[in-house]
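# Structural overview for review
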Amino acid sequence: MFHSPIVPRVRKRKRSKSPEASISRHEGVKFEDVRVHLLERKMGSSRRRFLTHLARSKGFIVEDTLSDAVTHVVSEESQASSLWKWLKGCGLKNLPMMHILNIIWFTDSMREGRPVAVETRHLIQDTLPTMAEATTPTPVATVSQYACQRQTTTENNNKIFTDAFEVLAESYEFNEMEGPCLAFRRAASVLKSLPWAVQCLGATEDLPCLGEHSKAVMEEILQYGRSFEVEKILSDERYQTLKLFTSVFGVGPKTGEKWYRRGLRSFSDILAEPSIHLNRMQQSGFLHYGDISRAVSKAEAQALGNIIDEAVHVITTDAILALTGGFRRGKEFGHDVDFIVTTPELGKEGHLLTSLIDQLEQEGILLFCEHQASTFDMSKLPSHRFEAMDHFAKCFLILRLENSQVVGGLHDAEEGGRSWRAVRVDLVSPPIDRYAFALLGWTGSRQFERDLRRFARMERRMLLDNHALFDKTKKEFLAATTEKDIFAHLGLEYIEPWQRNA
Ligand code: CTP
Ligand code: MN
Ligand code: MN
C-alpha cells in the first residue's frame, strides 16, 4: 500500500540574497548578542526589506530566516493567538527563550540606535492554552500518548492532515488491517489536540503516535498541499463503493464487503438484486437515506431534546434525561442525537424505554425503532474483553422532526419546502447506579473512550467499560456517581465533555 518515498525531503527555504541583504551582514555589527528576525507575515516583503536594511545600517544583526539562532522576533501581526499558532508550528526548539515582540520594540530600538531592553509593552503574549497542562508540571509541554490526558476541543488546527489520516484509517479498516487503522486514528487524534497548526515536520518531533508512515504523509501534504497516497485511495473503486454502502443505516463494513464482492456497485444495483434481503434497519436506511445522511444541526438536536423530554414527562415526572454523544461535546453537527434516560430510583428504569417508544409512536413521529432489551447482569462483570455494545436497554430510532419545532427551521432543508425531516436518534437506559459510566461511555469520542480503557488497563491495572470500573489489584469494583469520580479513581485530571473531541 505504502508507496516508496519518491518525494524529496523538505528543504529549508532559502531566501535568495538581495543586494541589500548582503550589505554589512557582519561588518559593522555592533550588537553581537541580539539576532533579530522580522516576520514577513502581515508586514509584507517590501516593508520587511526596508526595515531590515535600516536595522543593519545601525549595526543590528538581522537574520533572514527564522531559526533557533534568533533571539528577537518582531511581528506586526495584531492577533496574538494566530501568530503563536503559527510560531508553534515552526518546529523551533528555542521558542520558549525567544522574545516575541511587536513593532514598538523595533522602532524604539531604531530611534535609540541600540536594542532597547524588552519591556512588557513590547511583548506579544502567548494566549494559547499549553498542551496537557493537566499532566505536566514542567513548563516544557509534552503531549500524552493517551487521548484522555489531552484536551481536544472541536477546533481542529490540523484538518488538512487529520482528514488525510482518516481516509487512510478507513481504508485500512475496509481491508481489515486493524493495526495500521488504529495507528492512523491515534495519529489524527494527537494532531487534533494541538492548539497550533503543524507548519513543518520538525514541529512533530516531540509528538507521540506519529510513525514513519504518518510523517511521510504529512511531508507530502506540507510540500504539495496533498497526499498522493490518499488521492489514490479516494479514487479507488473499492474504497468508494464501501464508503457508499456503509453510509446506509444498518450497513457495516462486513455487509458492504459482501455486496461489493458480488459485483454490486451502486444503490440501484442493490435494490434491483432480487437475492438480496435487506433487514428492517437497512430498509429504513434506504427509505430515509437523503434525510439521515444529511448532518443534524445543534438546533435540530435541541428540538429533539425538547420532544423527548416532553414525551418522558407524559410517562413519569421522575426521570433523568441527558444529552450525550457528539452534541454533549459541543459539536455543531452530528450524524445522530444521543440521549441517556433513566430514573432516580434504582430498578424503576425497567419499562421506561418501552413506554417512551410507545409514547413517540402515539405522537406519530416514530419512523423506525430497533429496541434492544437490557442484558445487563452485574454478576457477569468485569468483562475482560471489551465488547462493541454495552448491555443496557437501548434503542436506535428514526424520528420525524417538524420544521416548525426547530428554532430557525430545519438545517439545510431542500428546495421545495419540506415541512419535516427524518433524524437518527439513539437512546440508552442504564440503571441509575451505572449512570456515570454510561454517560462517560456514550459521550465519546470513540478515540477518547478507547484511550480511557487503554489507560485504565495499561497504567492502572483497571478495567473500564460502559458499565463499571474494576480494580484488578484490589479485586473490587469502584463506585461512581459522577464522571469526575471515575476520572479521580483513574488518577486522571478531569477532562470536560467539550475537551473530549479526540
Ligand atoms: N456508543 C457506545 N455503544 C454503542 C453506540 C455508541 O458506547 N452501542 C458510544 C460511542 O463510543 C460513542 C458515543 O456512544 O463514543 C456516541 O456514538 P455516535 O453517536 O456513534 O458518535 P458521536 O460521537 O455522537 O458522533 P456523531 O456526531 O457523528 O453522532
Ligand atoms: Mn452521535
Ligand atoms: Mn449514536
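Residues numbered from 1 in each chain as written. Chains lettered and ligands numbered in written order. Predicted model: local features only at pLDDT ≥ 70, side-chain atom pairs only at ≥ 80, totals over all residues. Heavy atoms only, no water.

## Side note on the overall build of the chain
Regarding its fold elements, the chain presents 19 helices and 14 strands. The principal-axis extents of the C-alpha atoms in the chain amount to approximately 85 × 55 × 50 Å. Of all 502 residues assigned to the chain, the portion counted as buried reaches 48%. Nonlocal contacts in the chain, meaning residues at least 24 apart in sequence, comprise 69% of its contacts between residues at least 6 apart. (Helix = DSSP H or I, 4+ residues; strand = E, 2+ residues; numbered from the N terminus. Buried < 20%, exposed > 50% of the residue type's maximum accessible area, 1.4 Å probe, protein only. Contact = heavy atoms within 4.5 Å.)

## With respect to the site of ligand 1
Near ligand 1 there are 15 residues, and of these Gly326, Arg329, His335, Asp336 and Arg446 occur at the shortest range. Side-chain polar atom of aspartate 336 to an oxygen atom of ligand 1: 2.7 Å apart, as the coordinates give it. The side chain of aspartate 338 places a nitrogen or oxygen atom 3.0 Å from an oxygen atom of ligand 1. (Near = heavy atom within 4 Å. Polar contact = N/O pair within 3.5 Å; in protein donor to acceptor, adjacent residues only side chain to side chain.)

## Considerations on the environment of leucine 38
Mapped onto the secondary structure, leucine 38 falls in strand E1 (residues 35–38). Discounting residues that sit within four places of it in the chain, leucine 38 has contacts with Met43, Arg48, Leu51, Thr52, Val62, Val74 and Phe106.

## Things to note about the coordination of the manganese ion (ligand 3)
Protein coordination of the manganese ion (ligand 3) is provided by Asp336 (OD), Asp338 (OD) and Asp426 (OD), with donor distances spanning 2.0 to 2.2 Å. Mapped onto the sequence, the residues coordinating the manganese ion (ligand 3) show the spacing D-x1-D-x87-D. The two metals, the manganese ion (ligand 3) and the manganese ion (ligand 2), are separated by 3.5 Å and share aspartate 336 as a common coordinating residue. Of this pair, aspartate 336 sits in the loop between strand E7 (333–334) and strand E8 (337–342) while aspartate 426 is found in strand E11 (residues 420–429), placing the two residues 90 residues apart along the sequence. (Donors = N, O, S within 2.8 Å, 3.2 Å for Na, K, Ca; no water.)

## Remarks on the sheet that holds strand E14 (residues 476–477)
Read across the sheet, 3 strands follow the order E12-E13-E14 without closing on themselves; strand pairing throughout is antiparallel. On the outer flanks of this sheet lie strand E12 (462–464) and E14, each paired with one strand and no other. Sheet topology places strand E13 (residues 469–471) next to E14; 2 bridges connect them, and they run antiparallel. The residue of E14 that forms the bridge with aspartate 471 is glutamate 476. (Pairing = 2+ DSSP bridges.)

## Some words on the packing of aromatic side chains
One pass over the structure, following the stated rule, counts 14 aromatic pairs. With a centroid separation of 5.7 Å and 75 degrees between ring planes, the pair formed by phenylalanine 245 and tryptophan 259 is classed as edge-to-face. With phenylalanine 245 in helix H9 (residues 237–245) and tryptophan 259 in helix H10 (residues 253–261), the pair connects residues that are 14 residues apart, well separated along the chain. In this structure an aromatic cluster arises from ring pairing among Phe165, Tyr172 and Phe184. Directly above the aromatic system of tyrosine 260 lies the positively charged group of arginine 265, at a separation of 3.7 Å from the ring centroid. The lysine or arginine in question, arginine 418, covers the ring of tryptophan 420, its NZ or CZ lying 4.6 Å from the ring centre. (Phe/Tyr/Trp six-rings, centres within 6.5 Å; stacked < 30°, edge-to-face > 60°. Lys NZ or Arg CZ within 6 Å of the ring centre and 35° of its normal.)

## Concerning the sheet that holds E1
In spatial order, the strands read E2-E1-E3-E4; together these 4 strands make up an open sheet with parallel pairing. Lying at the two open borders of the sheet, with one neighbouring strand each, are strand E2 (61–62) and strand E4 (99–101). One ladder, built from 3 bridges, connects strand E3 (residues 72–74) with E4; its direction is parallel. Its bridge partner being in E4, valine 74 is matched across the sheet by leucine 101. On top of the sheet, helix H2 (residues 45–57) reaches E1 and E2; it is set at about 165 degrees to E1, its chief contact. (Axes fitted to C-alpha atoms, helices over the stretch in contact; angles between N-to-C directions.)

## Here we look at the nonpolar core
Formed by 30 residues in total, the largest nonpolar core has its most connected members in Leu360, Leu397 and Leu427. Listing elements by their share of this core, those giving two or more residues are helix H14 (298–315), E8, helix H16 (352–362), strand E9 (366–372), strand E10 (393–402) and E11. Considering every element that reaches this core, the biggest residue donor is H14, with 7 residues. Not counting chain neighbours up to four residues away, the residues in contact with leucine 397 comprise Leu360, Leu366, Phe368, Cys369, Val423, Arg424, Val425 and Leu427. In terms of nonpolar packing, the next biggest core, distinct from the first, is built from 29 residues, Phe174, Leu194, Trp196 and Leu210 among them. (Core = buried A, V, L, I, M, F, W, Y, C linked by side-chain atoms within 4.5 Å.)

## Quick word on the environment of leucine 401
If you trace the backbone, leucine 401 turns up in strand E10. Between the C-alpha atoms of leucine 401 and valine 423, which are 22 residues apart in sequence, the distance is 6.9 Å.

## Overview of the packing of H14 against H16
Where H14 meets H16, the closest approach of the two axes is 9 Å, and the angle between their N-to-C directions is 115 degrees. Taken together, H14 and H16 sit at an angle that is classed as roughly perpendicular. In the crossing of H14 with H16, the sense of the turn from one axis to the other is right-handed. From H14, Ile307, Ile308, Ala311, Val312, Val314 and Ile315 reach across to H16, where they touch Leu352, Ser355, Leu356, Gln359 and Leu360. Across the contact of H14 with H16, the residue classes break down as 9 nonpolar, 2 polar and no charged. (Parallel < 35°, antiparallel > 145°, perpendicular 65-115°, else oblique. Left-handed = near helix turned anticlockwise from the far one by under 90°. Nonpolar A, V, L, I, M, F, W, Y, C, P; charged D, E, K, R; others polar.)

## Here's the deal with the side chain of arginine 56
Note that arginine 56 resides in helix H2. For arginine 56, the side chain forms a polar contact with the side chain of aspartate 64, separated by 3.2 Å.

## Some thoughts on the pattern of salt bridges
Pairing is possible between side chains that carry opposite charge, provided their charged atoms lie close to one another. Tallying each qualifying case throughout the model produces 36 salt bridges. A salt bridge links aspartate 163 to lysine 159; the shortest N-O distance between them is 2.8 Å. Here aspartate 163 pairs with lysine 159, and both are found in helix H5 (residues 159–174), just 4 residues apart, close to one helical turn. A salt bridge links arginine 262 to glutamate 273; the nearest nitrogen and oxygen atoms lie 3.9 Å apart. (Salt bridge = Lys/Arg side-chain N within 4 Å of Asp/Glu carboxyl O.)

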